[in-house]
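# Analysis of the macromolecular model
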Amino acid sequence: MLMPSQGLRILVATKPVDFRKGHDGLAALVQSTLAEDPFTGTVFVFRSKRADRLKILFWDGSGLVMAYKRLEENTFTWPAIRDGAMTLNRAQFEALFAGLDWRRVRSLEVRRPAVAE
């Protein structure tokens, strides 16, 4: 499973990170910079300085998974650079990962159906 399942927390670190960092370096950043636990299943997304690369880190229950993506001709649309992280929903995450403008994506609001008696 590379893409997170529905309902999972997805956090984007808004400051660019050193892309030489691997699993352990990114997990340490999650703890020190974002004050989060990298072993909860939350999906952490990191950006490069050039904005054309992203890394994803998450715990799948048995180990840390890291994925790397580089866009060949464009850059990703990133949130403003500031301290901390921002949350994306699954639809926004999928748009970001595809290289689309995630700011234009909204999840459908699905109301819980009423039980017919």
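Residues numbered from 1 in each chain as written. Predicted model: local features only at pLDDT ≥ 70, side-chain atom pairs only at ≥ 80, totals over all residues. Heavy atoms only, no water.

### Thoughts on the overall build of the protein
Summing up its helical and strand segments, the protein has two helices and five strands in all. What you see in the protein, going N to C, is helices and strands ordered as β-α-β-β-β-β-α. A fraction of 58% describes how many contacts in the protein between residues 6 or more apart in sequence connect residues 24 or more apart. Carbon together with sulfur atoms contributes 50% to the accessible area of the protein, which is approximately 7500 Å² in total. Here the protein contributes 18 positively and 13 negatively charged side chains, and the mean placements of these two sets differ by 5 Å. (Helix = DSSP H or I, 4+ residues; strand = E, 2+ residues; numbered from the N terminus. Contact = heavy atoms within 4.5 Å. Areas by Shrake-Rupley, 256 points an atom, 1.4 Å probe, with all protein chains shown as cover. Lys, Arg positive; Asp, Glu negative; His and termini not counted. Charge placed at Lys NZ, Arg CZ, Asp CG, Glu CD.)

### Things to note about the nonpolar core
Residues Val45, Ile56, Trp78 and Leu96 are the most contacted members of the largest nonpolar core, which totals 19 residues. Listing elements by their share of this core, those giving two or more residues are strand E1 (10-13), strand E2 (43-47), strand E3 (53-59), strand E5 (85-88) and helix H2 (90-97). No other element matches H2, which puts four residues into this core. Grouped together as the second largest cluster of nonpolar side chains are 13 residues, Leu11, Val30, Phe44 and Leu64 included. (Core = buried A, V, L, I, M, F, W, Y, C linked by side-chain atoms within 4.5 Å. Buried < 20%, exposed > 50% of the residue type's maximum accessible area, 1.4 Å probe, protein only.)

### What to know about the packing of aromatic side chains
Think of a pair of aromatic rings as described by two things: how far the centres are apart, and how the planes are tilted against each other in angle. Using the criterion set out here, one finds four aromatic pairs in the structure. Taking the centre distance of 5.6 Å and the plane angle of 70° together, the rings of Phe19 and Tyr68 count as edge-to-face. Taken together, the positions of Phe19 in the loop between E1 and helix H1 (23-32) and Tyr68 in strand E4 (residues 64-70) put the pair 49 residues apart, joining distant regions of the chain. The residue whose ring lies beneath Lys55 is Phe19, and the NZ or CZ to ring-centre distance is 5.1 Å. Lys69 extends its terminal NZ or CZ atom over the ring of Phe97, reaching a point 4.5 Å from the ring centre. (Phe/Tyr/Trp six-rings, centres within 6.5 Å; stacked < 30°, edge-to-face > 60°. Lys NZ or Arg CZ within 6 Å of the ring centre and 35° of its normal.)

### Comments concerning the environment of Asp83
Its location among the elements puts Asp83 in the loop between E4 and E5. Among the residues examined, Asp83 registers a relative accessible area of 60% and is labelled exposed. The spacing of Asp83 and Ala13 is 70 residues in sequence and 8.0 Å in space, taken between C-alpha atoms. Among all residues touching Asp83, those that are not within four sequence positions of it are Thr14 and Lys15. Within the structure, the side chain of Asp83 is placed 2.5 Å from the side chain of Lys15, a separation counted as a polar contact. (Polar contact = N/O pair within 3.5 Å; in protein donor to acceptor, adjacent residues only side chain to side chain.)

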